[in-house]
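Reading the structure
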Amino acid sequence: MRKDRSKALFEKAKQFIPGGVNSPVRAFRAVGGDPLFIKRADGAFIYDEDDNAYIELINSWGPMILGHNHPMIREAIVRALENGTSFGAPTAREVEIAELIISMVPSVEKVRMVNSGTEATMSAIRVARGFTGRDKFIKMEGHYHGHGDSFLISAGSGAITMGNPDSPGVTVGTAKDTLLAPYNSLEAIESLVAANPNEIAAIILEPVPGNMGLVLPKPGYLEGLRKICDREGIVLIFDEVMTGFRLAKGGAQELFGVTPDMTTLGKIIGGGMPVGAYGGKKEIMDFVSPSGPVYQAGTLSGNPIAMAAGLAMLRHLDSHPEVFSQLNAIGDSLVTGFRSVLDELGLNFTINQLGSMYTLFFTDQEVYDFETAKKSDTALFGRYFQAMLSRGIYLAPSQYESLFLSTALTEDLVGKIVTAHGESIIEVMG
Ligand code: PLP
């Protein structure tokens with residue numbers, strides 16, 4: 001497999017861009033080797049600058065739930081382009097997408113569009129603070145909510161991958177208002193609440209975290225958080241940037257039947273364009289400017305091209321609920337295949353899966369929080385990643401990520417991935 005053009009581009013990129021990439025995990029530091037520079041993507045495949053084809057299991061870190069370059073999304077973008085690219089004024093599409101999101105996501109009664117998941121979570125915390133008049137919030141260890149200062153404390157995703165879960169540049173003053181709890185422990189939340197009476201504005205979490213690898217909530221955990229928040233007047237925020245419109249039409253909150261006060265969204269909501277959103281109860285969202293005093297704005301928020309792509313995507317998901325059962329079936333089939341290979345080889349690695357999200361952890365222990373996720377053998381993961389890549393399967397280049405499947409994965413492709421997985425495991429286990 002030739003990689004000359006990717007290699008040359010990376011050498012050049014490093015001269016002009018920090019680390020040669022515009023987002024850290026893309027640099028392949030956790031798995032070794034040089035990143036691939038991607039020329040195009042279609043359906044279940046991406047193609048690098050050297051014209052190698054790979055079956056895709058990242059899907060742009062989640063958004064491309066229908067596979068790449070879907071004709072319906074492409075056509076919506078092209079049609080919107082004919083009318084101009086940005087107006088900085090309200091549009092009909094913004095009203096349509098807001099109405100649709102509200103009809104799909106149980107907790108959302110009003111919604112504000114932004115340009116990324118990071119903006120959505122930063123804004124949601126500000127609104128929760130403004131609404132409650134309290135400064136502190138609780139975040140879970142190993143969860144990632146984008147790169148806002150107050151979230152870069154024991155953060156997951158690229159922050160763990162790069163070895164900086166606590167980023168320099170975040171001031172002590174900022175960090176003191178972020179309280180940390182291990183995921184899946186209601187006792188830890190009760191202790192923090194007792195130690196900070198009437199001081200906690202919000203609890204924010206990924207209801208099904210994907211940013212320390214995929215981890216599932218223990219039975220009763222999300223319900224328990226809901227009860228504590230109700231009792232203490234704390235705003236419960238589900239960060240569904242990954243899980244929204246993926247685990248179900250209404251995200252993890254629909255799947256688990258627990259309705260938060262606020263929800264943050266991203267990825268799928270933009271159909272591959274840069275979009276995020278935050279929404280929730282009317283009384284809370286009416287605190288946002290210009291209805292209320294909490295300021296939040298954006299030059300390109302509600303951008304007409306991005307809204308066209310997002311609307312096309314959400315309308316499709318709304319009118320084709322079978323997409324979710326199809327995705328679940330693809331996830332089940334892939335993971336059943338992986339497990340049977342591991343069983344045959346007498347290996348007991350943990351695979352966490354929910355629908356079209358999964359992570360294979362290179363540990364035989366149960367993974368239910370950040371500490372247990374860190375038991376995984378990341379060096380072994382790095383070798384497995386390279387073995388899969390050399391067989392034409394493109395995985396997320398870090399152990400601490402979830403994979404995201406798309407409807408473009410046919411049974412035939414699933415079979416190819418399972419075969420490559422078997423060969424790769426044999427290769428890396430020597
Ligand atoms: N929240 C979660 C759960 C995420 O997974 C991410 C990104 O992966 C973000 C927030 C940040 O979103 P963005 O990268 O669009 O800023």
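Residues numbered from 1 in each chain as written. Predicted model: local features only at pLDDT ≥ 70, side-chain atom pairs only at ≥ 80, totals over all residues.

**Here we look at the sheet that holds strand S3 (residues 53-56)**
Taken together, four strands build an open sheet; the order of strands is S1-S2-S3-S13 and the sheet is mixed. Both edges of this open sheet fall to strand S1 (38-42) and strand S13 (393-394), since each of them pairs with a single strand only. For S1 and strand S2 (residues 45-48), the ladder comprises four bridges, and the chain directions are antiparallel. Across the sheet, Ala41 pairs through a bridge with Ile46, a residue of S2. (Pairing = 2+ DSSP bridges. Helix = DSSP H or I, 4+ residues; strand = E, 2+ residues; numbered from the N terminus.)

**Side note on the site of the ligand**
Lining the immediate surroundings of the ligand are 16 residues, of which Ser116, Gly117, Thr118, Gly146 and Val241 lie closest. Residue contributions to the shell around the ligand peak at three residues, all from helix H4 (residues 117-132). Grouping the amino acids of the shell around the ligand by side-chain chemistry returns four nonpolar, ten polar and two charged. (Near = placed C-beta within 6 Å. Nonpolar A, V, L, I, M, F, W, Y, C, P; charged D, E, K, R; others polar.)

**As for the environment of Ser123**
With respect to the secondary-structure elements, Ser123 resides in helix H4. Residue class for Ser123 comes out buried when judged on the 24 C-beta atoms lying within 10 Å of it. Taking the C-alpha atoms as reference, Ser123 lies 17 Å from Ala175; in sequence the two are 52 residues apart. Excluding residues that lie within four positions of it along the chain, Ser123 makes contacts with Val114, Tyr278 and Gln296. (Buried ≥ 20, exposed ≤ 12 C-beta atoms within 10 Å, placed from the backbone. Contact = placed C-beta atoms within 7 Å.)

**Quick word on the UniProt feature "modified residue: N6-(pyridoxal phosphate)lysine" (unreviewed entry) in the protein chain**
The positions UniProt marks with the feature "modified residue: N6-(pyridoxal phosphate)lysine" (unreviewed entry) are Lys267. With respect to the element layout, Lys267 can be found in the loop between strand S9 (262-265) and strand S10 (276-280). (UniProt positions renumbered as here; feature names shortened; annotations may be inferred.)

**Brief notes about the sheet that holds strand S14 (residues 403-404)**
Overall, antiparallel pairing links the three strands, which are arranged S11-S12-S14 in an open sheet. Among the strands making up the open sheet, the edge pair consists of strand S11 (350-354) and S14. The strands that helix H12 (residues 322-344) touches are S11 and strand S12 (357-361); relative to S11, the one it contacts most, it runs at about 170°. (Axes fitted to C-alpha atoms, helices over the stretch in contact; angles between N-to-C directions.)

**Structural notes on the packing of helix H2 (residues 71-81) against helix H11 (residues 304-319)**
Packed helix pairs are characterised by how far apart their axes lie and by the angle those axes make with each other. Taken N-terminus to C-terminus, the directions of H2 and H11 make an angle of 150°; their axes are 8 Å apart at the nearest point. The angle between the axes of H2 and H11 places the two elements in the roughly antiparallel class. Of the two possible hands of crossing, H2 and H11 adopt the one that is right-handed. In this structure, H2 uses Met72, Ile73, Ala76, Ile77, Arg79, Ala80 and Leu81 to contact H11, whose residues at the interface are Pro304, Ile305, Ala308, Ala309, Leu311, Ala312, Met313 and His316. Partitioned by chemical class, the residues of the contact of H2 with H11 number 13 nonpolar, one polar and one charged. (Parallel < 35°, antiparallel > 145°, perpendicular 65-115°, else oblique. Left-handed = near helix turned anticlockwise from the far one by under 90°.)

**Quick notes on the packing of helix H7 (residues 186-195) against helix H8 (residues 221-232)**
Viewed as axis vectors pointing N to C, H7 and H8 meet at an angle of 15°, and their least axial separation amounts to 10 Å. With respect to H8, the element H7 is oriented roughly parallel. The two elements H7 and H8 cross, and the hand of that crossing is right-handed. Here H7 contributes Leu186, Ile189, Glu190 and Val193 to the contact with H8, which in turn contributes Tyr221, Gly224, Leu225, Ile228 and Glu232. Residue composition of the contact of H7 with H8, by class: six nonpolar, one polar and two charged.

**What about the pairing of S12?**
Most of S12 sits inside the fold, with five of its five residues counted as buried. By the bridge criterion, five bridges tie S11 to S12 in an arrangement that is antiparallel. Looking across to S12, one finds that Asn352 is bridged to Thr359. If you look at the hairpin formed by S11 and S12, you'll find two residues sitting between the two strands, and Gly355 has a positive phi there, around 55°. One ladder, built from two bridges, connects S12 with S14; its direction is antiparallel. Directly across from Met357, in S14, lies its bridge partner Phe404.

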